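# Analysis of the macromolecular model
Single-letter residue listing:
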Protein chains: 2
Amino acid sequence: MKRRQFVQAAGLGLAAAAIAKPAIAQSAPEIKWRLTSSFPKSLDTIYGAAETFSKAVAEATDGKFQIQVFAGGEIVPGLQAADAVTNGTVEMCHTAPYYYVGKDPTFAFATSVPFGLNSRQQNAWFYHGGGMDLMNEFFKGFNIHSMPGGNTGTQMGGWFRKEIKTPADFNGLKMRIGGLAGKVIAKLGAVPQQIAGGDIYPALEKGTIDAAEWVGPYDDEKLGFNKVAPFYYYPGWWEGGASLHFFTNTAKWAELPKSYQAILTSAAAMANVDMQAKYDARNPGAIKRLVQDGGAQLRPFSPEIMEACYKAATDLYAEIAGTNANFKKVHDAYMAFRNEEYLWFQIGEYTYDSFMIRQRAKG
Amino acid sequence: MKRRQFVQAAGLGLAAAAIAKPAIAQSAPEIKWRLTSSFPKSLDTIYGAAETFSKAVAEATDGKFQIQVFAGGEIVPGLQAADAVTNGTVEMCHTAPYYYVGKDPTFAFATSVPFGLNSRQQNAWFYHGGGMDLMNEFFKGFNIHSMPGGNTGTQMGGWFRKEIKTPADFNGLKMRIGGLAGKVIAKLGAVPQQIAGGDIYPALEKGTIDAAEWVGPYDDEKLGFNKVAPFYYYPGWWEGGASLHFFTNTAKWAELPKSYQAILTSAAAMANVDMQAKYDARNPGAIKRLVQDGGAQLRPFSPEIMEACYKAATDLYAEIAGTNANFKKVHDAYMAFRNEEYLWFQIGEYTYDSFMIRQRAKG
């Protein structure tokens, strides 16, 4: 090759590099984001979902897209995670949307409402029943783009210092309880309380509160409620399938290359299925330990209590829907979907589980 | 810049490009793979899961990693998809591992075995109960790396030309049925048949077979079985939560950059949760149409039939475990896990669903 040719070729090489470089930078830029979780690190299930997500994103991008996960309270209080996303203080959070029913009760449908969908039905609604479209339309008003990111399954009904047998036993009962469920039991005369995870145990021990619900055996065991409130009720009718979500600031979401949006979407879906699987794998051992060694006494809510709460919930929805158009729109879609789902689930799923439960009991 | 400097700079530019290029190629190479599905395109649920997966991978890699999806029979017969992966004819397939029980009945645990785990429990076992570690250890012998990639939920028990009321009614019954279930009903005197999806309808219409199971309402409706075999039984006790899987040739898997492995893993998990959600969203409408307009007559399997099949399945497992160490190892782990799962599911999940089903029936 002659010198002149070499220079030309080198020049072309530079030009090509100059064109190619921004394209590469654009499609796989180095990005560092912060994600605030609403949960403490000690809950490897629910806090762990954000780590599963962050790790998947880092691996998929060869470490170029780093999402640092902070526990609730580290940089943002757990119950203000969504606000931090709305304001752009952080790019993302992992939270339970129903923590924000004070802003608008419509938030609750993204997590769980009393007597709502179970875990699988909630995913069916989100992904293939129009649920995420409806919720994201609503979340836009808060600068939030949301993706489902975990489910607990049906939660337990919580820990009670004394047995409750009739709806009247809720009268005057001081209970730590989340989401819209507080308003439901208030209709039965109870006094709902919002208390952060770490403060529940001392309140229950001192008798400042009479009862508290958290999640289920595996998480509850860590908090030790069985030692101070032995009656462990079920089912948690206010959380038939509680969904966690990854919230992203809409402007930050829009700035991402399409490939990164796709990577976040897949990673969130993986965290979603993985967190439910983890709860389902860990809860059986925990419920055995709590009952066999921890003094927990399992009690089902009586049919009278379930019926009274169902009626109170239905009344509550009608009241809110009367004054909140967002809520009414999502509620009507959600409840229509619920009725179709249980029509179907009662056939194969339910009769199969019924048989398997009976066979197990026979040994 | 002087000419000499320019040449030097250009030379450095070239050198940098020469170093950078393989690095870029290594971390995000252009790859084209072929994935053969075991299913026809008409099943947008189960075939669709492979498309969901392939689309997610292409988007996450800016189109660099293309996985072309072929329907069953296009390049490989549906029931030989795993063989094509083992031999390296294709890099991947999307299939039901229990199609290959003829090679080794151990394959079945990756999909579903009679009276096995439900959909959520199957995921719990795979992701957090040691299930995928066990299965992938076994699959290594077939050059397969597997990832769960979809679930149907509890399937229906299939379409019967005549009512069956007692275990004796299985005697002589010719039924199209998959996996190990054929060996179970054979113990009751039935004659199980392996027939591909498209050939079931004519066989049922002519009476060459007396009964056929496929999946559930949404898929079954497309095949029109209700027109020739009106009795629609439930539950499909041989598929409490049938899992589909993405099989990748282990050598091809090992060749991938870590980032691509991570992208495939997330995409498979997304397809997994998405396919179940799609079935759960589509089945309710289909079961209503089949019963209200299609003449389907719903029938539960009688307790006597369920008990007899349970006993036959348990006997079958003991027989196989006696001669197959792989099967015994996975079976023992799987069944121990099942017992723990139903201990837990009977508490919150089951009582919640029970109440919701009763409330729905009240209207």
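Refer to the preceding data block for the structure.
These remarks concern the structure in this document. (Residues numbered from 1 in each chain as written. Chains lettered and ligands numbered in written order. Predicted model: local features only at pLDDT ≥ 70, side-chain atom pairs only at ≥ 80, totals over all residues. Heavy atoms only, no water.)

Moving on: the pattern of salt bridges. Overall, the coordinates contain 32 salt bridges over all chains when judged by the stated rule. A salt bridge links Lys329(A) to Glu137(A); the nearest nitrogen and oxygen atoms lie 2.8 Å apart. Of the two residues, Lys329(A) is situated in helix H12 (residues 325-345) and Glu137(A) in helix H5 (residues 131-139); the sequence distance between them amounts to 192 residues. For Lys329(A), a relative accessible area of 44% gives the class partly exposed. Notably, a salt bridge pairs Arg299(B) with Glu163(B), separated by 2.7 Å at the nearest N-O pair. (Salt bridge = Lys/Arg side-chain N within 4 Å of Asp/Glu carboxyl O. Helix = DSSP H or I, 4+ residues; strand = E, 2+ residues; numbered from the N terminus. Buried < 20%, exposed > 50% of the residue type's maximum accessible area, 1.4 Å probe, protein only.)

Here we come to empty space enclosed by the protein. This model, assessed by the stated rule, comprises five cavities of 30 Å³ or more. Of the volumes computed, that of the largest cavity is approximately 210 Å³. Considering the residues around the largest cavity, the lining is formed by 16 residues, among which Phe345(A), Glu349(A), Asp353(A), Asn118(B) and Asp353(B) are closest to the centre. Each residue belonging to the lining of the largest cavity can be placed in one class, and the counts come to seven nonpolar, three polar and six charged. (1 Å grid on protein atoms, 1.4 Å probe; cavity = no way out; pocket = protein on both sides within 12 Å on 5 of 7 lines; lining within 4 Å. Points joined across faces, edges and corners; volume = space filled by probe spheres on them. Nonpolar A, V, L, I, M, F, W, Y, C, P; charged D, E, K, R; others polar.)

Contacts between chain A and chain B engage 82 residues on the former and 81 residues on the latter. A combined buried area of about 7,500 Å² lies between chain A and chain B, and 67% of that area is made up of carbon and sulfur atoms. Among the residues chain A hides against chain B, the three largest losses belong to His128(A), Trp344(A) and Tyr352(A). Together they make up 11% of the total. On inspection of chain A and its partner chain B, the count reaches six salt bridges. Across the salt bridge formed by Asp280(B) and Arg120(A), the nearest N and O atoms sit 2.8 Å from each other. Elements represented by at least two residues in the side of chain A that touches chain B include exactly helix H1 (3-27), helix H2 (46-60), helix H4 (119-128), helix H10 (258-292), helix H11 (303-323), H12 and helix H13 (348-362) of chain A. Of the residues forming the side of chain A that touches chain B, the biggest block, 23 residues, is contributed by H10(A). For the side of chain A that touches chain B, the class distribution of residues is 39 nonpolar, 25 polar and 18 charged. (Contact = heavy atoms within 4.5 Å. Buried area = accessible area lost by both parts, 1.4 Å probe.)

We now examine the relation of the copies chain A and chain B. Mapping chain A onto chain B is achieved by rotating through 180° and translating by 0.0 Å along the same axis, at an RMSD of 0.0 Å. Classification of the inter-copy transformation places it as that of a two-fold axis. Interface overlap between copies is the fraction of interface residues in one copy that are interface residues in the other; for chain A against chain B it reaches 99%, indicating a shared surface. (Least-squares fit on C-alpha atoms with pLDDT ≥ 70 in both.)

Okay, the sheet that holds strand E4 (residues 144-151) of chain B next. All names here are of chain B. Across the sheet, five strands lie side by side as E2-E1-E3-E10-E4; this open sheet has mixed pairing. Edge positions in the sheet fall to strand E2 (65-70) and E4, since each of these pairs with one other strand and no more. Averaged over all neighbouring strand pairs, the angle between strand axes comes to 25°, with direction disregarded. Those strands touched by helix H4 (residues 119-128) are E4 and strand E10 (243-249), and its axis lies near 155° from that of E4. Across the face of the sheet, helix H10 (residues 258-292) comes into contact with strand E1 (31-37), E2, E4 and E10 while running at roughly 30° to E4. (Pairing = 2+ DSSP bridges. Axes fitted to C-alpha atoms, helices over the stretch in contact; angles between N-to-C directions.)

Bringing the side chain of Gln276(B) into the picture now. All names here are of chain B. Considering the arrangement of structural elements, one finds glutamine 276 in helix H10. What makes glutamine 276 buried here is its relative accessible area of 6%. A polar atom in the side chain of glutamine 276 sits 2.8 Å from the side chain of serine 119. (Polar contact = N/O pair within 3.5 Å; in protein donor to acceptor, adjacent residues only side chain to side chain.)

Here we take up the packing of aromatic side chains. Throughout the structure, instances matching the rule amount to 57 aromatic pairs over all chains. Ring plane angle 5° and centroid distance 5.1 Å describe the contact between Phe115(B) and Trp237(B), whose orientation is recorded as stacked. One end of the pair, Phe115(B), is in the loop between strand E3 (92-95) and H4; the other, Trp237(B), is in the loop between strand E9 (231-234) and E10, and 122 residues separate them in sequence. Of the two residues, Phe115(B) and Trp237(B), neither departs from the other in class, the shared state being buried. Taken together, the aromatic side chains of Phe39(A), Tyr98(A), Tyr99(A), Tyr100(A), Phe107(A), Phe138(A), Phe139(A), Phe142(A) and Phe247(A) make up a single cluster linked through ring pairs. (Phe/Tyr/Trp six-rings, centres within 6.5 Å; stacked < 30°, edge-to-face > 60°.)

With that out of the way, let us pick up the sheet that holds strand E3 (residues 92-95) of chain A. All names here are of chain A. Strand order in the open sheet made by the five strands is E2-E1-E3-E10-E4, with mixed pairing throughout. Each edge of the open sheet carries a strand with a single partner, namely strand E2 (65-70) and strand E4 (144-151). Within the sheet, the average angular offset between the axes of one strand and its neighbour, ignoring direction, is 25°. In the packing of H4 onto the sheet, the strands contacted are E4 and strand E10 (243-249), and the crossing angle to E4 comes to about 155°.

Geometric descriptors of this kind do not, in isolation, establish any biological role.
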